[in-house]
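What the coordinates show
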Amino acid sequence: MFGTDPERITAGVAGLLGISQSQEMQDRHGGFKTLLICPPAVKVQGPIKDVFYRADAKSAALAPHYKVLAEHWNIDFFDAGSVIETSEQDGVHFTADAHQALGKAVAEAVRAL
């Protein structure tokens, strides 16, 4: 279903950054800082595992690509996988505790901007 590779996923994010970081968007919105957040790796398990075939390896490879992309655009980067993991139940969603931990970590990263 999601038959692309980490490089193409990153290229899609690069396109969005090209829009958001453009002078037109920065001027239109009074200038803003951007925090690129890489999601934690998917675990291929649970009732929807067939939909996410090989997503574990692909998603685990994203953080280094996103980090280089953030450096290219001179924006901040946060790897959510450094703070949380996806749920053991389905491998893609977060537990309540993970949501809380991620919220606190992202809030701190935003304050640091």
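This text follows the structure it describes.
Described below are features of the structure shown in this document. (Residues numbered from 1 in each chain as written. Predicted model: local features only at pLDDT ≥ 70, side-chain atom pairs only at ≥ 80, totals over all residues. Heavy atoms only, no water.)

Focus on helix H5 (residues 96-112)
- Under the 1.5 Å per step criterion, the end-to-end length of H5 is 25 Å for 17 residues, consistent within 8% with the ideal 24 Å.
- Looking at the buried side of H5, the elements it contacts are strand S1 (35-38) and strand S2 (76-79). (Helix = DSSP H or I, 4+ residues; strand = E, 2+ residues; numbered from the N terminus. Expected span 1.5 Å × (residues − 1). Contact = heavy atoms within 4.5 Å.)

Thoughts on the packing of helix H1 (residues 6-20) against helix H4 (residues 62-73)
- In the contact formed by H1 and H4, the axes pass within 10 Å of each other and the chain directions differ by 30°. As judged from the angle between their axes, H1 and H4 are roughly parallel. You can see that H1 and H4 cross each other, and the crossing is right-handed. Contacts from Pro6, Glu7, Ile9, Thr10, Val13, Ala14, Leu17 and Gly18 in H1 reach Leu62, His65, Tyr66, Leu69 and Trp73 in H4.
- Here the residues of the contact of H1 with H4 sort into 9 nonpolar, 3 polar and 1 charged. (Axes fitted to C-alpha atoms, helices over the stretch in contact; angles between N-to-C directions. Parallel < 35°, antiparallel > 145°, perpendicular 65-115°, else oblique. Left-handed = near helix turned anticlockwise from the far one by under 90°. Nonpolar A, V, L, I, M, F, W, Y, C, P; charged D, E, K, R; others polar.)

With respect to the nonpolar core
- Among the nonpolar cores identified, the biggest contains 10 residues, and these are Val13, Leu17, Leu36, Cys38, Leu62, Ala63, Tyr66, Leu69, Ala70 and Ile75.
- Mapped onto this core, the elements with two or more residues apiece are H1, S1 and H4.
- In terms of residues, this core owes the most to one element, H4, which gives 5 residues.
- If near-sequence neighbours (up to four positions away) are discounted, Leu17 is found in contact with Ser22, Thr34, Leu36, Leu69, Trp73 and Ile75.
- Of all hydrophobic cores here, the second largest spans 9 residues; its members include Leu35, Ile84, Ala98 and Ala109. (Core = buried A, V, L, I, M, F, W, Y, C linked by side-chain atoms within 4.5 Å. Buried < 20%, exposed > 50% of the residue type's maximum accessible area, 1.4 Å probe, protein only.)

Thoughts on H4
- If you check H4, its first and last C-alpha atoms are 16 Å apart, about what 12 residues at 1.5 Å a residue would give, namely 16 Å.
- When H4 is considered as a whole, its buried residues turn out to be Leu62, Ala63, Tyr66, Leu69 and Ala70. Projected down its long axis, H4 carries its buried residues within an arc of 125°, all on one side. Seen from the open side of H4, the exposed residues pointing more than 90 degrees away from its buried face are Pro64, Val68, Glu71 and His72.
- For H4, the secondary structure elements touched by its buried residues are H1, S1, helix H3 (55-60) and S2.
- Of the residues trailing H4, Asn74 is marked for its positive phi of about 55°. (Arc of directions from axis to C-beta.)

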